[in-house]
Amino acid sequence: MLTDAQLLGAAQRFGTPLYVYDAAELDAALARVRNAFADARVFYAMKANPNLTLLRRLRSAGVGFECVSAGELARAVKVGAGGGEVLVNGPAKSAEEYAEGARLGATFVVDRAEEVQLLPPRSRALVRVNPALKVSTHDHLATGAASSKFGVTLLEAPQVLEALRNAGHQALGLHVHIGSAIRDAGDFAAAFSRLTELKEAVGPLEVLDVGGGWSLDADLDGIARQARQAAATFGAQLWVEPGRYLVAGAGVLLTGVVGRKHTGRDFVLIDAGMSELIRPMLYGAEHPVRALWQRGEAATYDLAGPACESGDVLARDVPLPMPQPGDVLALGEAGAYGAAMSSTYLTRPRPAEVLWDGDWQVIRRRENAETIWAAEL
Ligand SMILES: Cc1ncc(COP(=O)(O)O)c(C=O)c1O
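The numbering scheme is per chain: residues are counted from 1 as the chain's sequence reads. Two thresholds apply to this predicted model, a pLDDT of at least 70 for residue-level local features and 80 or more for giving and counting side-chain atom pairs, whereas whole-chain, interface and lining totals are computed over all residues. Only hydrogens and water are removed before side-chain values are computed, so all heavy atoms of the structure are retained for them.

Trainee: Would you mind showing me how to read the pairing of strand 10 (residues 251-262) here?
Mentor: Each regular strand shows side chains that alternate between the opposite faces of the sheet. Strand pairing follows a simple DSSP-based rule, namely that at least 2 bridges must link the two strands. Going along the chain from the N terminus, every DSSP run of H or I of four or more residues is numbered as a helix, and every run of E of two or more is numbered as a strand. Sheet analysis places strand 1 (residues 18-22) next to strand 10, joined by four bridges and oriented antiparallel. Paired with tyrosine 19 across the strands is leucine 253, a residue of strand 10. As paired strands, strand 10 and strand 15 (residues 328-331) are joined by four bridges and run antiparallel to one another. Bridge pairing in strand 15 links leucine 253 to leucine 331. Here strand 10 runs beside strand 11 (residues 266-270); their pairing, made up of five bridges, is antiparallel.

Trainee: Would you take a moment to explain the domain arrangement of the chain for this structure?
Mentor: According to the domain assignment, the chain consists of domain 1 (4-20 + 248-372) and domain 2 (23-246). Taking only C-alpha atoms into account, the centre of domain 1 sits 32 Å from that of domain 2. Counting residues at the interface gives 19 residues for domain 1, matched by 18 residues for domain 2. Roughly 1,600 Å² of surface becomes buried between domain 1 and domain 2 when both sides are summed, with 54% attributable to carbon and sulfur atoms. By buried area we mean the combined loss of accessible area, with a 1.4 Å probe, across both parts when two parts are placed together. In terms of surface lost to domain 2, no three residues of domain 1 exceed Tyr283, Tyr337 and Ile363, which account for 33% of the buried area on that side. The rule for a salt bridge is simple: a side-chain nitrogen of Lys or Arg has to be within 4 Å of a carboxyl oxygen of Asp or Glu. Across the contact surface, domain 1 and domain 2 share two salt bridges. Boundary definitions for the domains trace back to an automatic or database domain assignment. Contact between two residues is taken to exist if any of their heavy atoms lie within 4.5 Å; hydrogens are not considered.

Trainee: Explain the environment of threonine 371 here, please?
Mentor: You can see threonine 371 is positioned in helix 13 (residues 369-372). Threonine 371 sits 21 residues away from arginine 350 along the chain, and the two C-alpha atoms are 10.0 Å apart.

Trainee: Which parts of the structure should I look at to understand the UniProt feature "domain: Orn/DAP/Arg decarboxylase 2 C-terminal" (unreviewed entry) in the chain?
Mentor: Under the present numbering, the feature "domain: Orn/DAP/Arg decarboxylase 2 C-terminal" (unreviewed entry) in UniProt falls on residues 19-335. With 30% helix and 25% strand, residues 19-335 has end C-alpha atoms that lie 8 Å from one another. UniProt positions are given in the numbering used here, feature names are shortened, and annotations may be inferred rather than shown by experiment.

Trainee: How do you make sense of the site of the ligand when you look at a structure like this?
Mentor: In the vicinity of the ligand lie 16 residues, with Ser180, Gly213, Glu241, Arg244 and Tyr337 positioned nearest. Side-chain polar atom of tyrosine 337 to an oxygen atom of the ligand: 2.6 Å apart, as the coordinates give it. Class assignment of the residues belonging to the shell around the ligand gives a composition of four nonpolar, seven polar and five charged. Proximity is defined per residue: if any heavy atom of the residue lies within 4 Å of a molecule or strand, that residue is considered near it. Each polar contact in these results corresponds to two N or O atoms within 3.5 Å; when the atoms are within protein, one needs to be able to donate a hydrogen and the other to accept it, and residues that are neighboring in sequence are counted only if both atoms are side-chain atoms. Under the grouping applied here, Gly and all other residues not named as nonpolar or charged are polar, the nonpolar ones being Ala, Val, Leu, Ile, Met, Phe, Trp, Tyr, Cys and Pro and the charged ones Asp, Glu, Lys and Arg.

Pasting the structure below:
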């Protein structure tokens, strides 16, 4: 973990708000995944953080990519990934995404029966199954509930596999992804066990892809054990698609204190908000907050961003010792879905991103007004 002095040094050198990543933490997370899921193929869900430098690092460690847009496919190509290393996923794929996936020779994750006809000829494909389960995460992060838009039902899955084969595609196997930031290994066990109910109907498979969705403190070994058992049921190779688990802990968002304000609550006003980190507003996500200064007794504050939205609060009831303008806070576990979901709302330049790997490397320059309006006429 980067020290307070290192983080302060980065804030002084590159300014705030700033995304800071620690290469050692990224490598350690990948090692934990490889350890737990020993024989599995790892496809990084680049939606969590698509920065090219991070993608290159993961690719050189033998990781493939799960992509859900033409832009993500372009990133995979940009870092030199071949078709065997790429999955094309998503509930509403475009013609461009089918064409580019076919050009690469990527594997498609079929999300509805109609896709069998839409796939380019002789595609490699998995069928995404919706196990119809309620899981322990925010509703917006749950993707395996009966009411969610993803996948085909357990009943439909054997027919879709059969339809793929009949249409001349290579039906590799099944796919399941029940959501994101899930702590409870029991949720995964329930989903995998639903899939194994299909054994009779589908017979042996080449691949079982169990997605990602593991929270940072999930019991990875327990999830891996269940996943291996499920794969063994089908005689299949196990594939996984972690996003958050690989990058969340490697990143912090540094934000500067602008001032304090008392209304019905005590606020610390900061220079980052919903445009830099939307997860608290979108999912009620809680990010650990570290003050990079020490000064007297702590009182509790809400951290409010600069947007004209009452929901623009990045954390509540944070104990801080007499914050002053110019102090710097580090919001932890911000490496996933932080920079990736940042926006230029209010024509606020997206922050720079820097990587510590023995020295500092700027891996994304800070935007400015000119770069924001570059495509406007
Ligand atoms: C199909 C699929 N795979 C993998 C992931 C990665 O999830 P997480 O970042 O929670 O590991 C997602 C996230 O949305 C997903 O939709």
